[in-house]
Amino acid sequence: MTPLLLALPGDLLAPRFAEALPAETGRLELRSFPDGETYVRIDSPVAGREVVIVCSLHQPDTRALRLLLLAATARDLGAARIGLIAPYLAYLRQDTRFRDGEGITSRYFASIMAATFDWLVTVDPHLHRYSNLGEIYPIPSAAVSATKPIVEWITARVPAPAIVGPDGESEQWVDEVARGCGAPYATFLKTRYGDRRVELRAPDFSALKGRTPVIVDDIISTGGTLIAAISGLKSAGLPAPICIAVHALFVGDAFDNLLAAGAAGVVTCNTVMHSSNAIDVVPVAVDAARRFL
Ligand code: R5P
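Okay, so let's go over this structure. (Residues numbered from 1 in each chain as written. Predicted model: local features only at pLDDT ≥ 70, side-chain atom pairs only at ≥ 80, totals over all residues. Heavy atoms only, no water.)

## Here's the deal with the pairing of strand β8 (residues 141-144)
Argument step 1. Burial of the side chains of β8 is restricted to one face: Ala-142 and Val-144 are buried, whereas none of Ser-141 and Ala-143 on the reverse face is.
Argument step 2. Two strands pair when backbone bridges link them, and strand β7 (residues 119-123) and β8 are joined in this way by 4 bridges, in the parallel orientation. Residue pairing in the sheet places Val-123 in a bridge with Val-144 of β8. (Buried < 20%, exposed > 50% of the residue type's maximum accessible area, 1.4 Å probe, protein only. Helix = DSSP H or I, 4+ residues; strand = E, 2+ residues; numbered from the N terminus. Pairing = 2+ DSSP bridges.)

Below you can see the structure in the form of structure tokens.
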């Protein structure tokens, strides 16, 4: 039987996934009661079927509960298995106890998700102190990389690029992107002093001279990290950089602030819908999801 694909209302990527997998798009009613609780009704046959739910987990505290209620409904209606394609998977950055008394929320979130889903596909999860998703997600999972589509985008549009990582954590992406583009790279050293305050220490940029800097990071949230990187490049006398990120969270005015800080352009992958989406990661995510079906 064809898999059934479900998504939260308004998800413009869901039809792309349905077509590419292929899967039948499920009809559902998912809305808020006047008091804010969620109403769910799946109006497509579910019993005995493979169900795939596509749901990016930006604004996770709202979306994750809706997602869990939708999955619970599918399970209750007899779904054979339920897989989650979360192009952006939230709750990975708190991966240790930085200060006494803190919750390691990445672990708790992972156990809630793993209790609900049979498999998981995501794009470039923020794995820093975890070496792979399996360390916290005890279900079959695939973390696909946006490196190839990012390399293709840069290669087609930026002559003589130089890849810049805003911090040590980004080196895992920056190194691969630079190799794919045949370009040099350098990474800043970042110290975080708060949710919105970071300080970057510049490396030796001499190998980057005469090239167009392209900053690559996994997430843009407040934009603080990339704004500091733009300023560091400016101070080093390098041209205005193009900023590329996988996940376009863009809290508040982050997008406009990046442009105001001097970014020559801001481009993201389509894991979270945003006007800056220009790099398509649906094909890589679909390839991974097919292996679970
Ligand atoms: C953190 O290490 C990530 O790779 C990003 O650099 C970070 O999440 C960006 O956050 P913000 O845009 O708030 O500086």
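Resuming the write-up.
## Topic: the sheet that holds strand β6 (residues 81-86)
Hydrogen bonds between backbone groups are what pair the strands of a sheet, and the pairing can be parallel or antiparallel.
Argument step 1. Pairing is parallel in the open sheet, where 6 strands are placed in the order β2-β1-β5-β6-β7-β8. Edge positions in the open sheet fall to β2 (24-25) and β8, since each of these has one partner strand only.
Argument step 2. As defined by bridge partners, strand β1 (residues 4-7) adjoins strand β5 (residues 50-54) across 4 bridges and the pair is classed as parallel. Bridge pairing in β5 links Leu-6 to Ile-53.

## Remarks on the nonpolar core
Argument step 1. Within the largest apolar cluster, 43 residues are counted, with the highest numbers of intra-cluster contacts made by Leu-5, Phe-17, Val-121, Ile-150, Ile-154, Ile-163 and Ile-244.
Argument step 2. Of the residues forming this core, the biggest block, 5 residues, is contributed by helix α8 (residues 282-290).
Argument step 3. Ignoring anything within four residues of it in the chain, the contact list for Ile-244 reads Ile-150, Trp-153, Ile-154, Val-214, Ile-215, Val-216, Asp-217, Val-267 and Ile-279.
Argument step 4. If you look at the next biggest cluster of nonpolar residues, it comprises 40 residues, including Ile-42, Ile-53, Cys-55 and Leu-127. (Core = buried A, V, L, I, M, F, W, Y, C linked by side-chain atoms within 4.5 Å. Contact = heavy atoms within 4.5 Å.)

## Description of the sheet that holds strand β13 (residues 212-220)
Argument step 1. Here we have 6 strands laid out as an open sheet, ordered β10-β9-β13-β14-β15-β16, and parallel in their pairing. The sheet is open, and its two borders are formed by β10 (185-187) and β16 (277-279), each paired with just one other strand. Strand after strand, the sheet turns through a mean of 35 degrees between neighbouring axes, direction not considered.
Argument step 2. As paired elements, strand β14 (residues 242-248) and strand β15 (residues 265-269) share 4 bridges and run parallel to each other. Bridge pairing links Ile-244 to Val-267 in β15.
Argument step 3. Sheet strands in contact with helix α4 (residues 147-157) are β9 (161-165), β13, β14, β15 and β16, and its direction is about 155 degrees off that of β14.
Argument step 4. Across the face of the sheet, helix α6 (residues 224-235) comes into contact with β9, β13 and β14 while running at roughly 165 degrees to β13. (Axes fitted to C-alpha atoms, helices over the stretch in contact; angles between N-to-C directions.)

## A look at the site of the ligand
Argument step 1. The immediate surroundings of the ligand are formed by 15 residues, with Glu-169, Asp-217, Asp-218, Thr-222 and Thr-225 found nearest.
Argument step 2. Take Glu-169: an N or O atom from its side chain is 2.6 Å from an oxygen atom of the ligand.
Argument step 3. Note that an oxygen atom of the ligand is positioned 2.6 Å from one of the side-chain N or O atoms of Asp-218.
Argument step 4. In isolation the ligand exposes 370 Å². Once the protein is present, 95% of that is buried.
Argument step 5. Placement of the ligand is best described as lying within the largest pocket. (Near = heavy atom within 4 Å. Polar contact = N/O pair within 3.5 Å; in protein donor to acceptor, adjacent residues only side chain to side chain. Areas by Shrake-Rupley, 256 points an atom, 1.4 Å probe, with all protein chains shown as cover. 1 Å grid on protein atoms, 1.4 Å probe; cavity = no way out; pocket = protein on both sides within 12 Å on 5 of 7 lines; lining within 4 Å. Sits in = over half its atoms within 2 Å of the grid points.)

## Some words on the packing of α4 against helix α5 (residues 171-181)
Argument step 1. In the contact formed by α4 and α5, the axes pass within 9 Å of each other and the chain directions differ by 45 degrees. As far as their axial angle goes, α5 and α4 are oblique. Our pair here, α4 against α5, has a crossing hand that is right-handed. Where α4 approaches α5, its residues Thr-147, Ile-150, Val-151, Ile-154 and Thr-155 are matched on the opposing element by Glu-176, Val-177, Gly-180 and Cys-181. (Parallel < 35°, antiparallel > 145°, perpendicular 65-115°, else oblique. Left-handed = near helix turned anticlockwise from the far one by under 90°.)

## A word on α8
Argument step 1. Three or more residues of α8 are buried, namely Val-282, Ala-285, Val-286, Ala-288 and Ala-289. Buried residues of α8, seen end-on, are gathered within an arc of 165 degrees and therefore sit on one face of the element.
Argument step 2. Taken together, the buried residues of α8 touch α1 (14-20), β6, β7 and β8. (Arc of directions from axis to C-beta.)

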